[in-house]
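Structural characterization, general
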Amino acid sequence: MPGGPADREPGTADRTGTAEGTGTAEGTGSADGSESADRTGTAEAVRIDLVGVGKRYDGRATGVTALADVTLRVGARCLLVILGPSGCGKTTLLNLIGTLDTPTTGTVRLDGVDVTRASRRIRREARREAVSFVFQSFNLFPALTARENVRFGADVAGRDRAGEVTDEVLAGVGLAERAAHFPHQLSGGEQQRVAIARAIATGNPILLADEPTGELDVATGVRILELLRGQSAQGRTVLVVTHNREIARIADRVIELSGGRIVHDGPPPGGQVPVAELRW
Ligand SMILES: Nc1ncnc2c1ncn2[C@@H]1O[C@H](COP(=O)(O)OP(=O)(O)OP(=O)(O)O)[C@@H](O)[C@H]1O
């Protein structure tokens with residue numbers, strides 16, 4: 001993002017208070033999201049601001065409307081879970097927020113910057129300085145050690161003190177002792193912790209996780225969720241896509257997609273619970 005230093009903590013003033021509508025009371029999200037408004041920190045900053053977003057894939061024979069008229073505002077310190085059945089548009093939504101794809105209609109703003117039809121340079125900057133991804137299949141570099149994988153995140157974002165940041169973040173996910181291990185020498189849960197550490201090491205304020213516990217057993221999945229929850233508590237905006245309704249119970253806010261539309265937006269039904277209370 002223009003003018004944004006890469007080396008910073010999430011939620012700092014340089015990413016807030018832009019002229020384009022951040023920090024407004026209006027930005028508190030859904031009609032039924034008033035209770036979540038405080039918890040989503042939207043009084044500080046609307047980090048993700050989608051208005052009327054649609055995505056259509058046009059094939060030769062048939063077209064598919066993956067998303068239709070999605071309006072969504074998410075602030076700092078929010079763990080947002082995106083629920084919905086296969087094919088409802090969850091990954092498409094994450095890709096649009098992550099500037100990996102462009103919508104057919106509507107606008108996408110990240111930290112007040114309209115990235116919808118921005119130049120490739122602006123979109124590249126958004127990817128480098130605003131968003132980080134965590135995938136179901138970890139996507140670690142197999143020939144790099146855990147430490148080198150995490151260092152990659154810090155380097156790509158151009159962070160100062162990249163070496164120190166790497167060590168701090170690795171320790172933060174409980175893997176300081178495994179820094180010299182390669183991905184194939186680590187368990188699935190450890191690999192996912194490295195992947196999350198790599199995303200954290202960028203310093204980017206928005207973390208996008210697509211089925212991050214999908215390949216893990218219950219106990220390991222719970223540990224991963226605790227890590228993600230900790231990141232939102234520290235000021236990041238964390239979006240977790242899942243099929244698993246139980247995971248949604250730990251969220252500050254849950255949106256549910258069906259047929260490419262948001263059909264529910266609000267706190268988890270039954271109220272938010274600690275990660276330890278999940279039953280998978
Ligand atoms: N590149 C593409 N070309 C054509 N159709 C696509 C493309 N990508 C996704 N789609 C379609 O768009 C719709 C939404 O896909 P998307 O991957 O976002 O769903 P999802 O909710 O993430 O599904 P899953 O839970 O199975 O991963 C689906 O009908 C899918 O087939």
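Up top is the structure these notes are about.
On a predicted model such as this, the values are computed, not experimentally measured, just so you know. (Residues numbered from 1 in each chain as written. Predicted model: local features only at pLDDT ≥ 70, side-chain atom pairs only at ≥ 80, totals over all residues. Heavy atoms only, no water.)

**What about the packing of helix H6 (residues 188-201) against helix H7 (residues 218-233)?**
Two elements in contact, H6 and H7, have axes separated by 10 Å at closest approach and are oriented at 15 degrees. As summarised for this structure, H6 and H7 are arranged roughly parallel, according to the angle between their axes. Crossing of H6 over H7 shows right-handed handedness. On the side of H6, the interface is formed by Gly-189, Gln-192, Arg-193, Ile-196 and Ile-200, while H7 contributes Thr-220, Arg-223, Ile-224, Leu-227, Leu-228 and Gln-231. (Axes fitted to C-alpha atoms, helices over the stretch in contact; angles between N-to-C directions. Helix = DSSP H or I, 4+ residues; strand = E, 2+ residues; numbered from the N terminus. Parallel < 35°, antiparallel > 145°, perpendicular 65-115°, else oblique. Left-handed = near helix turned anticlockwise from the far one by under 90°. Contact = heavy atoms within 4.5 Å.)

**So, the pairing of strand E8 (residues 237-242)**
The element E8 is extensively covered by neighbouring structure, given that six of its six residues are classed as buried. Burial of E8 is two-sided: the residues Thr-237, Leu-239 and Val-241 facing one way and the residues Val-238, Val-240 and Thr-242 facing the other way are all buried. Relative to E8, strand E3 (residues 78-83) is paired through six bridges, and the arrangement is parallel. Within E8, the position partnered with Leu-80 by the bridge is Leu-239. When strand E7 (residues 206-210) meets E8, the two strands line up parallel, connected through five bridges. (Buried < 20%, exposed > 50% of the residue type's maximum accessible area, 1.4 Å probe, protein only. Pairing = 2+ DSSP bridges.)

**Quick notes on the nonpolar core**
Within the largest apolar cluster, 42 residues are counted, with the highest numbers of intra-cluster contacts made by Val-81, Val-150, Val-169, Val-194, Ile-196, Leu-228 and Val-240. Elements represented by at least two residues in this core include exactly E3, helix H4 (146-156), helix H5 (162-172), H6, E7, H7 and E8. Broken down by element, the residue count for this core peaks at seven residues, all from H6. Look past the residues within four positions of Val-194 in its chain and what remains in contact with it is Leu-140, Ala-146, Asn-149, Val-150, Leu-175 and Leu-186. Grouped together as the second largest cluster of nonpolar side chains are 30 residues, Leu-50, Cys-88, Ile-122 and Ala-126 included. (Core = buried A, V, L, I, M, F, W, Y, C linked by side-chain atoms within 4.5 Å.)

These figures come from the coordinates and say nothing about function on their own.
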